[in-house]
Amino acid sequence: AMLLTGARSGPLGPQDHAVVELMLEAYHRKLIQSSLQLEALVKKVRFGRSLSDMKLATHRNRLLRTNVQLAIGGVSVAICGTVAGFFGMNIPIPMMHHESLAEGAFAAVVGGCSMIGISFFASMWARAMGVG
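Computed from a prediction, not measured in an experiment: that's the story for all the values here.

Chemist: Explanation requested: the overall build of the protein in the structure shown.
Modeler: The number of helices and strands found in the protein is 2 helices and 0 strands. Here the protein holds 132 residues, and 6% of them are scored as buried. Expressed as a percentage of contacts within the protein between residues at least 6 apart in sequence, the contacts between residues at least 24 apart total 58%. Counting only carbon and sulfur atoms, one obtains 68% of the accessible surface of the protein, whose full area is about 11000 Å².

What follows is the structure, encoded as structure tokens:
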């Protein structure tokens, strides 16, 4: 029966008040215990969130480093292609008209472009990796 409301048979006695007080104290202890458990769970969730944030930051840094490495390689290839394109289309090379010198001129242009690209790649790679 509900002890907080007045009894239909008459007023509540001191014995009934003691029972209600014991019940309220028990509920209060359970509420405090639940509150402490909730705080512990909140701490665990915050720790898990910070741990997952660190893991995500690590993966993001790896992706950024990979992106930089690919960009360095792309720019190196673009430099080689640009220099080779200028020599191949826009600049007349007198040696190309002589058959005996044509192969040497082609090899010189390709080798020079390759060396420019490789040196750019090596210097940027060292700078990106923190070596130089």
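We are not done yet, so read on.
Chemist: I tried to follow the side chain of Ser76 on my own but got confused; where do I start?
Modeler: Relative to the helices and strands, Ser76 is located in helix α1 (residues 14-90). Engagement of the side chain of Ser76 in a polar contact is seen with the backbone oxygen of Ile72, the distance being 2.9 Å. Excluding its chain neighbours within four sequence positions, the residues that come into contact with Ser76 are Gly117, Phe120 and Phe121.

Chemist: Please explain the environment of Met115 as it appears in this structure.
Modeler: Structurally, Met115 is set in helix α2 (residues 99-129). A residue is classified by how much of its surface remains accessible, and Met115, at 56% relative accessible area, is exposed. Remark: the alpha-carbon pair of Met115 and Cys80, spanning 35 residues in sequence, is separated by 8.6 Å.

Procedures and definitions
Residues numbered from 1 in each chain as written. Predicted model: local features only at pLDDT ≥ 70, side-chain atom pairs only at ≥ 80, totals over all residues. Heavy atoms only, no water. Helix = DSSP H or I, 4+ residues; strand = E, 2+ residues; numbered from the N terminus. Buried < 20%, exposed > 50% of the residue type's maximum accessible area, 1.4 Å probe, protein only. Contact = heavy atoms within 4.5 Å. Areas by Shrake-Rupley, 256 points an atom, 1.4 Å probe, with all protein chains shown as cover. Polar contact = N/O pair within 3.5 Å; in protein donor to acceptor, adjacent residues only side chain to side chain.

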